[in-house]
Each structure stands twice: as C-alpha cells, then as structure tokens.
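Reading the structure
For reference, the chains in residue letters:
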There are 2 protein chains.
Amino acid sequence: MFTIKLNTEFAESFLPKESVESGIKKALSHLESLKNGSGAGGEMTGWVKLPTEIESSLLEDCKRIAISWRDKLDVVVVIGIGGSYLGAKCTLEALSPSFSPNGKKGFPHIVFAGCSLSEEYMSDLLDYLKDKSYGLVVISKSGTTIEPAIAFRLLRNNMIERFGKEETQKRVVTITDRNSALKKMSDINGYYSLPLPTNIGGRYSVLSAVGLLPISIAGFDIDSLIDGAKSAMDNLLRVEITNPALKYAVLRNLFYREGKKIEIFINYNPKLKFFGEWLKQLFGESEGKMGKGLFPASSEFTTDLHSLGQYIQEGERIMFETAIIIENKSVAVNIPNLEDNYDGLDYIVGKSIEEINKCAEEGTKKAHFSGGVPNISVSIDKLDEYNLGAIFYFFEVSCAISAYILGVNPFDQPGVEVYKKNLYKLLES
Amino acid sequence: MFTIKLNTEFAESFLPKESVESGIKKALSHLESLKNGSGAGGEMTGWVKLPTEIESSLLEDCKRIAISWRDKLDVVVVIGIGGSYLGAKCTLEALSPSFSPNGKKGFPHIVFAGCSLSEEYMSDLLDYLKDKSYGLVVISKSGTTIEPAIAFRLLRNNMIERFGKEETQKRVVTITDRNSALKKMSDINGYYSLPLPTNIGGRYSVLSAVGLLPISIAGFDIDSLIDGAKSAMDNLLRVEITNPALKYAVLRNLFYREGKKIEIFINYNPKLKFFGEWLKQLFGESEGKMGKGLFPASSEFTTDLHSLGQYIQEGERIMFETAIIIENKSVAVNIPNLEDNYDGLDYIVGKSIEEINKCAEEGTKKAHFSGGVPNISVSIDKLDEYNLGAIFYFFEVSCAISAYILGVNPFDQPGVEVYKKNLYKLLES
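Predicted model only: the values in this text are computed from it and were never measured. (Residues numbered from 1 in each chain as written. Chains lettered and ligands numbered in written order. Predicted model: local features only at pLDDT ≥ 70, side-chain atom pairs only at ≥ 80, totals over all residues. Heavy atoms only, no water.)

1. A closer look at the overall build of chain A
- Looking only at helices and strands, chain A has 16 helices and 10 strands in total.
- Taking 22 Å as the expected radius of gyration for a compact globule of 429 residues, we find that chain A reaches 23 Å, a close match to that expectation.
- Once the C-alpha set of chain A is aligned to its principal axes, its extents read approximately 65 × 65 × 45 Å.
- Looking at chain A residue by residue over its 429 residues, the buried ones come to 66%. (Helix = DSSP H or I, 4+ residues; strand = E, 2+ residues; numbered from the N terminus. Rg over C-alpha atoms; globule rule 2.2 N^0.38 Å. Buried < 20%, exposed > 50% of the residue type's maximum accessible area, 1.4 Å probe, protein only.)

Laid out in structure tokens, this is it:
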C-alpha cells in the first residue's frame, strides 16, 4: 500500500491557481523523459526502475553477508562519503534506538569512516576499534576518492596486522563500479565485491547495494525497504496530473520563481535529523548549478522553534517549508499528574506527548503561514523500512523532475570536481 | 593569551575598501552602546562583562556538584531547550571522544531531554535509564516552557519511584530565574537551585550556570573556559577600529547589503557540527526579525563538499561563508604505505591526515572564492575549553554589534512567542 500523502493546503494559496495547474500539465513531459531516459543525464537513470528490476540475488547476497557477520563482529565500519554513506546513515538513525543510533539491538554496530579528513576522528576510531572485532564495507565508485581511500588504507593495514591477511579476506566487502581500481584491487586480494551500478549516481543510490548492505548488516529488513519503494514506483511513474511527486516538483519551482530562495526541510522527530542531510544532498547537488536552484536547509522541530524559529517567523521572507510528517506512533508515553502543578500543565495530564507534538505541528504551520512562509507537508504512515523506501523514492523522482523544470541536469555535479581538482593540485605541489 | 584570528583575505575584495573602513568607524558607537547597556535591549546585556564579573562561588558550586555526582551517577540528564541546552551540548561534542560525545572518559554521561516533543525519544530515554543511576539538571527560565516541563514531570516521577523523595533531593539541581515557578517549586521540594540571571537571554547564556554546570559535570575545565572568555573580553570590548569582532560584524552586514541572503558557517572537524547549531541560534534568533537578517546555515567539510558543495560552487550566488578553523591538532595519524598503490595515493604517504585537511581547506577557499562566494575565517589555536570560551564570546559580541548595525534588538525573540501562543491555544481547546 502506498501511504505517502502530500498536503499543500498551507502552500497553494500563495500561488495563482492557474499556474499550479498549467505547471503540472507542462511537467508531464519531464516525467515521460525521466521514464524513458531521454532527458538530460538520461544515462544516469538506472535508479528509476530499480525497485522492480533489482536482482533478488543481490538482496540474498546482502542478507547472507549480514547473517555471517552478525555473531562474529561487534562493529562494521562503512567507509564512504557523500552519496556513499548518507542513505544508510539516515536509515540507521531513523530506525535505531535514540541512544544507540548504530543499528538494531543485537546486531553489529555500524560506524562510518572516510566521510571527512579529520585526523582526530580517525584517531578516535582506531581507539574505539582496539578491543572490538570488526569488518569493513568500502563504498566508492572509483576507489580513489581521497577521504575513503585514506580511511581504507589505515583500516585495512590495521585489520591485516590484527587478524592476518586470510581473515581480512572474510571481513572486507567492497561496493564499487565493475571497472574501477577498487574492483581490480578487490579481485587481486580476494575481497568480495558488490556492484555499484554505472548508471546510478551516489545521491540516487540508497536502494542499490550502497544502502542495502549496511542497512541489512544493521539488522533491518531490506525486502520491506524495496517493497515500499515499489509501492511508490507504481504510483509515482504514472504520467497523470494527480501524481503527487509531480505536484511537489511544480510547487517548489513556482515558489522559486516567486522569489523564494530557500527550502527548509523540517521534521518533528529527532530520528529524522539525518534524513534532512540526505535531502540536502539530493536537492542541493541535483539543482545547484548554472547559478540556479533553491538553497536546501533542514531544521528539527520543536527544538529549532526555540532557535531558528524566530528567523522563520519574522526574518527575510525568502523561504518555504517542506515538512516530513510521521502520522502514527509506535510507543505510548503520557503526561503524568503532578501534585503541585507548579508548571500549570495539569490541563494536559493524560494526553500523550505525541498529541502535544501534533498540536505543535498544527500551531507552527498556522504561525508560519500567517507569517508569510508557505508550508508543504509530505507524510508517511509510520517510521519503518517500508515507508522509508517509499519516501526515498518519492523525493528522488520529485527531485529529478524538479531539476528538469528548472532546466538543469539532475545527475551531474561539475562543481564538486572543482574542489577535487584544487585539492589534488595542492597535494601534488 | 588571545588566540582568535580573523582572516578576511578571501572576502574583502568583494567589497569597496571605503565601505569596510567607514562601516567599522560607524560601528564603534554600537560597541560603546553594548558596553554601557544603552542600546536596544540593554537590560539583557548581563553577559557582556560576565567573564570578569562571574562569582567564584558559582564556579565552586558547579565543581562541588560535579565532584559529588562523579562516582555516584552513571548518567546526568540535562533538561532544557534552545539556549538552555545548545551551549553545553556543543561544548560536549567539541571536547568528548568522537564515539562517545557525552563527556570526558570516567565522568557521568550527559544526555539531553526536553528539547523536543518526541514521544519515541522520551520512551527510548526511559528505557536507557532503566539500569542506570542518574541525576537531573533542569534548565528553564520560567520552568513552564512545555518541552522541558513535560520531560521534568516524567523524569521526576520516575526518579521518586526508583530512588525515593529524599534521595531525589540529592539528585536534582535546577537552574532558573530567582522569581520563577520552578524556583518556588525547588525551594518547597528541597532541590538545589542555581541562578539563571534575569539580564542574560538563553542564547547568550553558555558562560553562565546554564553552560557551566553541565560542562563541569561532564569533566571539563570551566575555569579555563571562563579564562578564555576573559581573554576575549579584554580584547573585544576595546572601542578601536582594529577590533576583529567589530570587523566581522561590519563585513557580514556589508555582504547582506550587497544582496547576500545566507551565511554558511563551515568547519573542517566533525566535532564542531553542533557549534554550528549554536551559531544558528545565536545569529538567527538575534537578527531574524522585522523582515530582515541573513539566514544562518551550517555545513561540515569535507563531507558536505560531496553534497551541498555543488550548490555552493555553482548554485545561486546568494551566500558567503564563515569558516571556523582550528590551527593545531592534538593527535598524529599519518597516511600509511600500500603495497599495490591501487588508489594512486602513494605521493601523500607519510603526510598526516590533517595536512591533507589543510590542503582541502585551502583548495575550497580558492574554489569558492573564484566561484563568487566570499569566505571569512575565524581561527582558534586548538580545540579546548580555553579557546571555546574565547570563541563563544567572540561570536556573542560580534552578533550583538551586527544586530545593532542591522537596526534590530539582538536580545528579544517575539517570533518564538507566536508559536508558543498558538500551541497553548490549541492545547486548551
């Protein structure tokens, strides 16, 4: 069942009705191009039909590795940067306990490396691993991106020193392009390797081996993740004006044309904090080019209502909000009675915290709306693998269409290359 | 010694030289007003002379509580939201080990509560505390803000149930205004209470009891924190055109006038991630009013260079960057040799990771500069209590002056009240 709902009640009134309707009609052709790979960057649209085309042998492979590592390893270090870690990381944070966001209880802890050039982080990591049995998942399209390459050099040496070359073969899995330096090196050294499809870019790769293997090792249900994505695919590839992915893509472009410069992705659950990082990469890297694009920001409510909330309510009127809402909850904690009622909150005794949270959401929506900040919401039924699979897919499709409406290639990142070139030049000098 | 350095080499060339000079001259009077409390919100400038005026008995009190709790408690839950938790939280993340960002090894773990309305978070917290001996620090000016009040209701009940009323008296400390409901309640119940000064707002309170008590319990040196702030105060209250806090405040306003809409606070060390959240509150809440102000964002490099980096390099030209730089490092991890050099990185073997990180910083600065993004940097000597104290103070003074230049009151937050009012209305209906 497809549970994603798009609510635009507090957004559309900022826009002329005709512009929304005609925008959606015009965007139908972009969805068509995306589906048949005829748009800009069409060679990188392998993710579009991935939910149905993914090989069951890949899913089995991931689950097999997860099972064989489960009892053997305390920790699995996932080495990757950008699109090679954000999808798995945000899934883990969404589904794990708040005070141990490294995976399900009883499964190896997942930690990430190669996602910065912090010497302190690497030193702390080596210290943390000292008394632990660990494995490595190395994710890199080329294998030569400097951050993950440095981390892999260090951790591979450490592993060989501690466990020997033969045992290291059983503890390293690489995920890389079939023609990469990392693939060749894996073959020579006997490291198992999973494919990172050539036609899928990093930020659209969470439903490939890139996301699936770490998520599976962490104890979560990757079949359900893919099923959720399938439910979204069935609904969101329909070339119809009622398609919510299309409508969302059109609305954000209309706001951009009306002068909005920033889209703030908000949530009301701290477990979605990193989902905001995933969204920032997806949209920022897909659209931020040729001097164009909405600047993607993220914010956690209600905590940031006591911080950035002031700016949103009364600062420059240059933003709109897209809220990620979870409709239903899985636990029950009610407001308890207090003898003295010193805080004056006795009138909410017996309500659940989530009821108060929903009132905060309602109150915020109205306050920001009246303050001139349009508010879109994208809701899912509950926070689980199935719904995450669906919402990943929803935003991927929306983002690609949105970039087409904007007139940019959603699948390249020429600006990232400028930084890489400068860095290599400085290193070689 | 005052170690903060402001580098504007990659920023000033975007601006006419006269405008910087005349801007600084004009801003001198704002610093004067800040010092003598004659500017807007002057009644809330108690933080300006706090580093020298702080009572030594308060520091002793914090250290006494920290010592008495050290061996007795596994965990201390700090209840607070907005300015009541961001300062302590970002200090802890900056100074703790990467894989246990809850304080120094051998000291009680600090966790935070009352900073959201997430039922799941509270449920996870109660679960986490089940087999642990814990204490509570409750930080709230009024004591009636709904998020911390709900958390305190739940945790206080839980504590009384587990440890009894008498023992609870020894495990609860409140930090609140001397006339608040929470203070009265503390007196009646025999909870020790520290003052939250009436003339200091939340976002300027990290160097008061609000920050000092949690930081001290976590095992860090609050005397050194205050000493660092003193060194900054000695330098940054000088009404002189060479004052770097003044120059930074002027530059950001000039960029704003030139059409920049976003200031991105960046860092090259994941331990500063939460410092970015502190900055976002400080600037967003101080300046975002009357339809004005730069939108504050934050970003972590190099990780985000593989994400938002694309937008910064080639998206809309509406931002400038302010980088927080740590000059020196405390650990040593060098790039090791690799037999096969599959990744082609043998030419950096023997270099430290931090050297590569510095090259990344240099390369990024130049790339963003040439892409039309001005880049200011604020550097500290190393990441410790002393330098944190100094940089907190640097940004507080800069922010207040900047708001005066912008023509807004740096110390109120009328927009936050709109949300609170709407919430209470919905709860009462």
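2. Details of the packing of aromatic side chains
- Using the criterion set out here, one finds 52 aromatic pairs over all chains in the structure.
- Plain terms: the ring middles of B:F394 and B:F395 are 5.1 Å apart, the flat faces sit at 85° to each other, and that makes the pair edge-to-face. In terms of burial, B:F394 and B:F395 fall into one category: buried.
- Ring pairs connect the aromatic residues A:Y248, A:F265, A:F275, A:W278, A:F283, A:F392, A:F394 and A:F395, which therefore count as one cluster.
- The ring centre of B:F274 lies 4.9 Å from the NZ or CZ of B:K89, which sits over that ring.
- Positioned over the ring face of B:Y128 is B:K132, at 4.1 Å from the centre of the ring. (Phe/Tyr/Trp six-rings, centres within 6.5 Å; stacked < 30°, edge-to-face > 60°. Lys NZ or Arg CZ within 6 Å of the ring centre and 35° of its normal.)

3. Remarks on the environment of B:R178
- Mapped onto the elements of the fold, B:R178 is located in the loop between β5 (172-176) and α7 (181-189).
- Residues B:R178 and B:A27, spaced 151 residues apart in sequence, show a C-alpha to C-alpha distance of 35 Å.

4. Comments concerning the pattern of salt bridges
- The full count for this structure, using the stated rule, is 58 salt bridges over all chains.
- The shortest N-O distance in the salt bridge between A:K261 and B:E316 comes to 3.2 Å. Taken together, the residues span two chains, with A:K261 in the loop between α11 (244-257) and β7 (262-267) and B:E316 in the loop between α12 (309-314) and β9 (319-326).
- Here B:E316 falls in the buried class, since its relative accessible area comes to 11%.
- In this structure, B:R171 and B:E167 form a salt bridge, with 2.8 Å as the shortest nitrogen-oxygen distance. Of this pair, B:R171 and B:E167 both sit in helix α6 (residues 146-171), 4 residues apart, which is roughly one turn of the helix. The exposure classification of B:R171 matches that of B:E167, with both residues buried.
- Each member of the salt-bridge network shares a partner with another, and the members are A:K72, A:E167, A:K170 and A:R171. (Salt bridge = Lys/Arg side-chain N within 4 Å of Asp/Glu carboxyl O.)

5. With respect to the nonpolar core
- Counting 108 residues, the largest nonpolar core has A:V77 and B:V77 as its most contacted members.
- Excluding residues that lie within four positions of it along the chain, A:V77 makes contacts with A:V111, A:A113, A:L125, A:L129, A:Y134, A:G135, A:L136, A:V137 and A:L155. (Core = buried A, V, L, I, M, F, W, Y, C linked by side-chain atoms within 4.5 Å. Contact = heavy atoms within 4.5 Å.)

6. Quick notes on the interface of chain A and chain B
- Facing 122 residues of chain A, the contacting portion of chain B comprises 122 residues.
- The junction of chain A with chain B conceals about 10500 Å² of combined surface from both sides, 63% of it contributed by carbon and sulfur atoms.
- Sorting the residues of chain A by area buried against chain B places A:F99, A:E119 and A:R153 first, and these three jointly supply 9% of that buried surface.
- On the surface where chain A and chain B come into contact, there are 14 salt bridges.
- Ionic pairing is found between B:K271 and A:D124, a salt bridge with its closest N-O pair at 3.0 Å.
- No other element matches helix α16 (residues 414-428) of chain A, which puts 12 residues into the side of chain A that touches chain B. (Buried area = accessible area lost by both parts, 1.4 Å probe.)

7. Thoughts on the relation of the copies chain A and chain B
- Placing chain A over chain B gives an RMSD of 0.0 Å and needs a rotation angle of 180°, together with 0.0 Å of translation along the axis. In symmetry terms, the pair is related by a two-fold rotation axis. Across chain A, the smallest distance between a C-alpha and the rotation axis is recorded for A:A297, namely 3.5 Å.
- Most of the interface of chain A is mirrored in chain B, where 100% of its interface residues again form contacts. (Least-squares fit on C-alpha atoms with pLDDT ≥ 70 in both.)

8. Thoughts on helix α3 (residues 56-70) of chain A
Residues and elements named next belong to chain A.
- Taking 1.5 Å per residue as the helical rise, α3 with its 15 residues ought to reach 21 Å, and the 21 Å between its terminal C-alpha atoms agrees with that figure.
- Along α3, the positions that sit buried rather than exposed are L58, L59, D61, C62, I65, A66 and W69. The arc that holds the buried residues of α3, viewed along the axis, is 160°, so those residues lie on one side. Projecting away from the buried face of α3 at angles above 90 degrees are the exposed residues S56 and I67. (Expected span 1.5 Å × (residues − 1). Arc of directions from axis to C-beta.)

9. Some words on the side chain of B:H368
Residue and element names in this part refer to chain B.
- The residue H368 is located in helix α13 (residues 353-370) in this model.
- By relative accessible area, which is 1% here, H368 ends up buried.
- Non-local contacts of H368, meaning those with residues more than four positions away in its chain, are made with F301, L305, I312, Q313, E321 and V373.

10. Things to note about the pairing of β7(A)
All names here are of chain A.
- Summarising burial for β7: 6 of the 6 residues are buried, a large majority.
- Going residue by residue along β7, you find I262, I264 and I266 tucked away on one face and E263, F265 and N267 tucked away on the opposite face as well.
- For β7 and strand β8 (residues 295-300), the ladder comprises 6 bridges, and the chain directions are parallel. Bridged to I262 within β8 is F295.
- Running through helix α12 (residues 273-287), the crossover from β7 to the neighbouring parallel element β8 is right-handed. (Pairing = 2+ DSSP bridges. Right-handed = clockwise from strand over helix to strand, strands pointing away.)

11. Some details on unusual backbone geometry
- Between A:F301 and A:T302 the backbone carries a cis peptide bond, its omega angle lying at 5°.
- Turning to its location among the elements, A:T302 is positioned in the loop between β8 and α13 (309-314).
- You will see that B:N341, though not glycine, has its phi angle at about 50°, which is positive.
- Given the relative accessible area of 25%, B:N341 is considered partly exposed.

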